[in-house]
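Structure assessment
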Amino acid sequence: MSDERLKRVVKAASPGAAEAARPEDGPDRADNSISRRGALKVIAAGAALGAAASCAPEDAARSAESAHEALSGFEPLPPSNPLAAGTAADPDLLAPVVPWEMVLTDEEMRLVAALSDVIIPADERSPSASEVGVPDYVNEFVSAPAHTEQLTQLRGGLAWLNREARERFGAGDFPALTVEQQHEICDEIRFEPDAPAELKPHARFFDAFRDMISTGFWTTEEGMRDLGYVGNIPLPSFDGPPPEVLEQLGLSGEDLA
Amino acid sequence: MAGIARSQNRYDAVVVGSGAGGGIAAFILATSGLRVLMLEAGRDYDPIRETPMFQLPKDAPLRGAATPEKPFGFYDATVDGGWQVPGEPYSVAEGSEFMWWRSRMLGGRTNHWGRISLRMGEYDFKPRSRDGLGFDWPMSYEDLAPYYDRTESLIGVYGSNEGLENTPNSSPGVLQPPPRPRAYELLTRKACRRLGIPVIPAHLAIMTQTQDADRLPGELFPGNELARRVTADSMRGRAACYWATPCGRGCSIRANFQSTTVLLPPALATGNLEIRTGAMVREVTVDSQGRATGVHYIDKATLIDEFASARVVVLAASACESARILLNSTGNLFPNGLANSSGLVGKYVMDTVGASVYSQIPALESLPPHNEDGASGMHMYMPWWLYGEQLAGRLDFPRGYHIEFGGGRRSAPGFGAFAGLEPLTGGSYGQRFKDDCRRYYGSFIGFDGRGEMIPNEDCYCEIDPDRVDSYGIPVLRFHWKWAEHELRQAVHMQQTFAGIVDEMGGQVLSTIHTDGAQAISKGGQIIHEVGGGIMGEDPRTSVLNEFCQSWDVPNLFVTDGAPFVSNADKNPTLSIMAIAWRASDYIVEQLRQRSI
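This one's a predicted model, so the numbers in the text were calculated from it and none came from an experiment.

This part covers the overall build of chain A. Secondary structure assignment for chain A yields ten helices and zero strands. Ordered by position from N to C terminus, the α and β elements of chain A give α-α-α-α-α-α-α-α-α-α. Looking at the 257 residues of chain A, the share that counts as buried comes to 47%. Across chain A, every contact between residues at least 6 apart in sequence was considered, and the portion connecting residues at least 24 apart equals 63%. Working note: accessible area of chain A is about 12300 Å², and carbon and sulfur atoms make up 52% of it.

Moving on to the sheet that holds strand 16 (residues 474–479) of chain B. Residue and element names in this part refer to chain B. Taken in spatial order, the three strands make up an open sheet running 4-16-15, and their pairing is mixed. The open sheet has two edge strands with one neighbour each: strand 4 (91–92) and strand 15 (460–468). In this structure, strand 15 lies alongside strand 16, joined through five bridges in antiparallel fashion. Considered in strand 16, the bridge of Glu 462 is made with Arg 477. Across the sheet, helix 10 (residues 319–327) is in contact with strand 15 and strand 16; its angle to strand 15 comes to roughly 60 degrees.

All names here are of chain B. This model, assessed by the stated rule, comprises 41 aromatic pairs over all chains. On the basis of an interplanar angle of 45 degrees and a centroid distance of 4.8 Å, the ring pair of Trp 384 and Tyr 401 is categorised as tilted. In this pair, Trp 384 sits in the loop between strand 12 (380–381) and helix 11 (387–391) while Tyr 401 sits in strand 13 (residues 401–407), placing the two residues 17 residues apart along the sequence. For the pair Trp 384 and Tyr 401, one class covers both residues: buried. By way of ring pairs, the aromatic residues Tyr 184, Trp 384, Trp 385, Phe 397, Tyr 401, Phe 405, Phe 447 and Phe 497 are connected into one cluster. The ring of Tyr 147 carries the charged tip of Arg 150 above its face, separated from the ring centre by 4.4 Å.

Turning next to the interface of chain A and chain B. Facing 98 residues of chain A, the contacting portion of chain B comprises 91 residues. Taking both partners together, chain A and chain B bury about 7900 Å²; carbon and sulfur atoms supply 60% of that area. Summed over the shared surface of chain A and chain B, the result is six salt bridges. Within the residue set of the side of chain A that touches chain B, elements represented by two or more residues are helix 1 (2–13), helix 3 (57–67), helix 4 (106–119), helix 5 (134–143), helix 7 (179–186), helix 8 (200–218), helix 9 (221–227) and helix 10 (243–249) of chain A.

Here we take up the pattern of salt bridges. Applying the stated rule across the entire model yields 52 salt bridges over all chains. Of the charged contacts in the structure, one is a salt bridge between Arg282(B) and Glu283(B), with a shortest N-O distance of 2.9 Å. For Glu283(B), a relative accessible area of 17% translates into the label buried. Where Arg394(B) meets Glu389(B), a salt bridge forms, and the shortest distance between an N and an O atom there is 3.2 Å. Taking the relative accessible area as the measure of exposure, Arg394(B) reaches 56% and is therefore exposed. Overall, the relative accessible area of 29% leaves Glu389(B) in the partly exposed class. Look at the salt bridges and you will find they share partners, linking Asp123(A), Arg125(A), Asp226(A), Lys434(B), Asp435(B) and Arg438(B) into a network.

Moving on: a negative patch on the surface. Residue and element names in this part refer to chain B. A contiguous patch of negative charge, built from Glu 122, Glu 142, Asp 143 and Glu 165, is present on the exposed surface. Assignment of secondary structure puts Glu 142 in helix 5 (residues 141–155). On the basis of relative accessible area, Glu 142 is assigned to the exposed category, the value being 53%.

Let's shift gears to unusual backbone geometry. Residue and element names in this part refer to chain B. In this structure, Asp 80 takes a positive phi of about 50 degrees despite not being glycine. Secondary-structure assignment places Asp 80 in the loop between helix 2 (47–50) and strand 3 (81–82). What makes Asp 80 buried here is its relative accessible area of 4%. In the Ramachandran plot, Ser 366 falls in the positive-phi region, its phi being about 50 degrees despite a non-glycine side chain. The topology assignment puts Ser 366 in the loop between strand 11 (353–360) and strand 12. Judged by its relative accessible area of 44%, Ser 366 is partly exposed.

Cut-offs used in this document
- Residues numbered from 1 in each chain as written.
- Chains lettered and ligands numbered in written order.
- Predicted model: local features only at pLDDT ≥ 70, side-chain atom pairs only at ≥ 80, totals over all residues.
- Heavy atoms only, no water.
- Helix = DSSP H or I, 4+ residues; strand = E, 2+ residues; numbered from the N terminus.
- Buried < 20%, exposed > 50% of the residue type's maximum accessible area, 1.4 Å probe, protein only.
- Contact = heavy atoms within 4.5 Å.
- Areas by Shrake-Rupley, 256 points an atom, 1.4 Å probe, with all protein chains shown as cover.
- Pairing = 2+ DSSP bridges.
- Axes fitted to C-alpha atoms, helices over the stretch in contact; angles between N-to-C directions.
- Phe/Tyr/Trp six-rings, centres within 6.5 Å; stacked < 30°, edge-to-face > 60°.
- Lys NZ or Arg CZ within 6 Å of the ring centre and 35° of its normal.
- Buried area = accessible area lost by both parts, 1.4 Å probe.
- Salt bridge = Lys/Arg side-chain N within 4 Å of Asp/Glu carboxyl O.
- Patch = residues over 30% accessible without salt bridge, like charges linked within 9 Å, V, L, I, M, F, W, Y side chains within 5 Å.
- Lys, Arg positive; Asp, Glu negative; His and termini not counted.
- Charge placed at Lys NZ, Arg CZ, Asp CG, Glu CD.

By themselves, these figures tell us nothing about what the structure is for.
Right, here's the structure in full:
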């Protein structure tokens, strides 16, 4: 019964060959009107430089495929959506692209990578932030046309970290410091309410940076696996929490009725 | 989806809008053998081909973050819509705050909605008789109950019959079994039981099992072979929920309700429905006898002004958009807009009262990994439970609210994961931050109150005399002012949620306000705007009769949220469909009798 249903479900989820493209009207925002073709070019350029944005169409197709691996023997979703206009308000949801150019320099990316790993280092359960491409996400985020303030904040924060590295430790820059030295600087700005008045802007930078790294890291396959997120797979039934969860929560008898 | 070529320009009915109200109207009229033209202002949209079912946040720009163009996140089903639609502005009067969500796509807002499907109860139809405020409906719960049954059977709704006050049961065999509660839902229920707050299975338009295509169509459409056939075929093409992927993206397996997966395919299968997308209706026309003759619309692709002629005009463009069309349909005999002899078109716009609290529950920390995606939406909720207290005058606000809550390990981590954790962690970073995230993962619960707003004179829309959209159509201007009833209710919501969190041993992370104006949502923000064309028993004090028929123009109907006389805490979509179904049956009957 359940197998049969799953089959039926999967069949319905696989609409088969995409029909011929039909042009669709769609309004666009003037400040964000990079064409689809342009966007693909940006992605291709990024890939050529070895700094591909994390949302290349290939990735999306792969992800759709891996989501359907559990359903082996069935066709994956079609790779793109001919009905979508490709605008910001009507993007291709099946094969997303990042339609803006990346602005951080190689030097800035090196600093971002170092600070990323100060925020989320590797341990026995999962890799560090930079090992799963989080600096690319930071670049994508601060490069977005609407995020010019965040870009300025990032650059200001990185500049301050380098200055502190030189003044306190005589180092060339922040990445050159030992982990202990890096922590000594970051401890002063890790929590805005505790930061001295003159460092509050840098504490706000650190806060925003931590949020970016957190999003970037925990949304990766490695991050989700680390957290124990085990959803996003089709199931024949939803059985509710397993016994070990109920036990830890002290739920039994009447609590379940 | 809109596959049929333009074949003629004279129809039995033209339906403006393709969402809940327009979808039902087109479905009932087309399956009754009438030739129907549906006009949709947005683009064609096919959830079967377009829904990003298993795509993860990591595959989307900004990890799926909300943007001005995709205000509910990248993967949200809404395209070409949101709080602003390019080229289609609206105004908000000085001193007012109002947010107007529109979807410009086939199926409208049914593509992304929360699927929460609560019936209005007997009190909700006669609120003025009960507490002297607002207006009574010109129908009772008993009048609508059969249509609630039919709507729920047709679209597929899970839930249970608990027999609670003003929280109606469905007829036997109508509801699908509710899903099992999640861990955080059980934990919350345990605390709420100690507080005397009922926590019961939610009613959502999501199928937990396949529909009985052999039984239901015959029960729904006795004596209508065409309706039975297309409905049975449609039901056989729908799968039950496979317990993954967020419903707000839409559903390619047709397990949840959207007009585009449940109503329009069988309506098209009759061969009686033609759909034109990109068709922006600006005016209803009338003849010298005051009968509607059709609608003018702008073809967005060609910018040509087109006309469609019909025996009956059904507006279902969303409450305020339908009011806009009527107010823009002026003539010598009706300079203030069509169907507006009462002067009430655009008046008594209501939204739902919203207030929320976000919390962290230590008991939920570091739970063993388990899959909590479930049906995406909530499995449990709290219906309003203080009717007696209210009647006895022990509360300082007159109407109720229900509680929606969500959290735990539902859905993949997305944009903003563990942002704002600093008050709990003291700004940890490094190994400590990593461990903090692991510890706190799944331990957050958000509570949202959804309360009844009483219609008032200060909340309305009108034509802005100074502004037109990019099609040259005058736009709406909104006026908004919450009354004390709503402000006090919002305060009560937050206090209640804080009490639940406290009872669970958790901590409130939101600010709890004693000033209702701080606690309450903005007008329109809950996207439950209804009214603006209220129904009633008297043509002097209402726009429509109980069958959504204009008092002034007998072959003009409005079947979206506009006819709502009150806005009970029950989310309006299910009621829009039940009311639209009742109105559509009436239209078929009237056309058969040649009374309209």
